[in-house]
Amino acid sequence: MKKSKHVMQFLAAALCSLALLAGCGEQAAKSEVGTQKAEKPQANYTWKLAMTWPTGAPIFSEAVNRFAASVNTMSQGQMTIEIDSANTHKAPFGILDMVKAGQYEMGHSASYYWKGVDPTTMFFTTMPFGMTASEQYAWFYYGGGLELMQKTYAKHGVYSFPGGNTGVQMGGWFRKEISGLNDLKGLKMRVPGFAGEVLSQAGVVVTNIPPGELYTALERGTIDALEWVGPSLDLNMGFHKIAPYYYTGWHEPAAELQFIINKQAFDQLPKHLQEILTTTIQAVALDTTANFYHASAENLHKLQDEFPDVKVRTLPADVLDVLERANQKLLTEAAAASPAFSEVLDSQKAYLAKARHWSMISDYAYLKSVSGK
């Protein structure tokens, strides 16, 4: 009997313990449900993006539209990007100022448009006689270029990211053939970036005109020549109908576009939306670069087939020599006047010293060996 009594007492205690545990578990479950109900739903974000390009601009606007659609899909509707083209905001060269001021959370443009505000920004588009697209992307992502870009733009209150590359741009459309330096003196030409300063040294009268006004300016004789992009976009612009001389490139060997983001707006986003934005930007930049290459290949073939009167030329060697010397002179002067400019220039030069050697024994040697085959 004593043993049975002890067993019964033990079982009773065990059952009480189980009851207590079950009660605690039920209470914890109720508490957890209550906490979940108390959590705030995820906030939705609607951002506005201003682009330099007009509505429907081939490749340029496609890149921005693709970016906005991808962000919306990847965030499952939590983030929406509304796009204003230059037709709406009327300030194609005011993107940096508008994003900095918070009027827009984002922008899509080209970094060298801000050379008047900060000359160092030009390096993050392209520089005359500089890197190819492959070399420049390697510098951005693995050679310290992206860090220098953020350092440059930090003082302007924004982040900046590569936004797609046109590849080597053509040297431009000219009404008359360029046979020597004398043909450049007094020539009125639309050309942005550092190349404009280089051409000014050779006597060219340089101006910068918004994309939507280029054809009219060339047609009316406001300018004698212009550079835009390359066959990818130039054919649709109709420049070949006015200026029959089409020169190969030297001034923009890797013209990188740009996504700008207001720093305060970005820093206030949840981490997963920050990751979605930066990852989508990188994907869109790669896709845009491929799109430009494809369109140039297609349109060059079409140009030569349908418009045989267009004459593709390369600037004479003596002209290119003068331009290259002018470029080196201006770079040296700018570096001496600005430690920030000098820092980025030194970084690009050091990286190019290694990258160009590989370019020469890889792409260049291959293309040279199969030339004409």
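Residues numbered from 1 in each chain as written. Predicted model: local features only at pLDDT ≥ 70, side-chain atom pairs only at ≥ 80, totals over all residues. Heavy atoms only, no water.

**Some remarks on the side chain of Ser347**
Within the secondary structure layout, Ser347 lies in helix α13 (residues 339–369). Taking the relative accessible area as the measure of exposure, Ser347 reaches 18% and is therefore buried. Excluding its chain neighbours within four sequence positions, the residues that come into contact with Ser347 are Trp139, Gly143 and Leu148. (Helix = DSSP H or I, 4+ residues; strand = E, 2+ residues; numbered from the N terminus. Buried < 20%, exposed > 50% of the residue type's maximum accessible area, 1.4 Å probe, protein only. Contact = heavy atoms within 4.5 Å.)

**Re a nonpolar patch on the surface**
A grouping of Trp358, Met360, Ile361 and Tyr364 is seen on the molecular surface, where their side chains present a nonpolar patch of about 460 Å² in accessible area. Mapped onto the elements, Met360 comes out in helix α13. Given a relative accessible area of 38%, Met360 falls into the partly exposed group. (Patch = residues over 30% accessible without salt bridge, like charges linked within 9 Å, V, L, I, M, F, W, Y side chains within 5 Å. Areas by Shrake-Rupley, 256 points an atom, 1.4 Å probe, with all protein chains shown as cover. Salt bridge = Lys/Arg side-chain N within 4 Å of Asp/Glu carboxyl O.)

**Here's the deal with the side chain of Gln274**
Relative to the elements of secondary structure, Gln274 occurs in helix α11 (residues 271–306). Judged by relative accessible area, which is 11%, Gln274 ranks as buried. A polar side-chain atom of Gln274 sits 3.4 Å from the main-chain carbonyl oxygen of Leu269. With residues near it in sequence (within four places) discarded, Gln274 still touches Phe266, Asp267 and Leu269. (Polar contact = N/O pair within 3.5 Å; in protein donor to acceptor, adjacent residues only side chain to side chain.)

**Some points on the pattern of salt bridges**
One pass over the structure, following the stated rule, counts 10 salt bridges. Across the pair Arg313 and Glu177 runs a salt bridge whose closest N-O atoms are separated by 3.5 Å. Here the residue Arg313 occupies a position in strand β11 (residues 311–313), and Glu177 occupies one in the loop between β5 (172–174) and β6 (188–190), the gap between them amounting to 136 residues. Among the salt bridges present, the one from Arg190 reaches Glu227, with a minimum N-O distance of 2.7 Å. Of this pair, Arg190 sits in strand β6 while Glu227 is found in the loop between β8 (225–226) and α9 (231–237), placing the two residues 37 residues apart along the sequence.

**Looking at the sheet that holds strand β1 (residues 45–51)**
With mixed pairing, five strands are arranged side by side in an open sheet as β2-β1-β3-β10-β4. Edge positions in the open sheet fall to β2 (79–84) and β4 (158–165), since each of these has one partner strand only. Sheet twist, expressed as the mean angle between neighbouring strand axes with direction ignored, is 25 degrees. In the sheet, β4 pairs with strand β10 (residues 256–262) via six bridges, with the strands oriented antiparallel. (Pairing = 2+ DSSP bridges. Axes fitted to C-alpha atoms, helices over the stretch in contact; angles between N-to-C directions.)

**A closer look at the packing of aromatic side chains**
Evaluation of the coordinates by the stated rule reveals 16 aromatic pairs. Considering the side-chain rings of Tyr159 and Phe266, the 5.2 Å spacing of their centres and the 70 degrees angle between planes classify their relative orientation as edge-to-face. With a gap of 107 residues between them, Tyr159 in strand β4 and Phe266 in helix α10 (residues 263–267) connect regions that are remote in the sequence. Here the two residues Tyr159 and Phe266 agree in accessibility, since each one is buried. Taken together, Trp53, Phe60, Trp228 and Phe292 form an aromatic cluster joined through their ring pairs. A cation over a ring is seen here: Lys311 above Tyr245, with NZ or CZ 5.4 Å from the ring centre. (Phe/Tyr/Trp six-rings, centres within 6.5 Å; stacked < 30°, edge-to-face > 60°. Lys NZ or Arg CZ within 6 Å of the ring centre and 35° of its normal.)

**Brief notes about the confidence of the model for the protein**
Detailed reading of predicted coordinates is not advised where the pLDDT is low. For the protein, per-residue confidence averages 91 on the pLDDT scale, and residues scoring 70 or more make up 89% of the total. In this model residues 1–26 is a low-confidence stretch, pLDDT under 50, and it forms zero contacts with partners more than four residues away in sequence or in other chains. In the predicted structure, residues 28–38 sits below a pLDDT of 50 and forms zero contacts with residues beyond four places in sequence or in another chain. (pLDDT = per-residue confidence, 0-100.)

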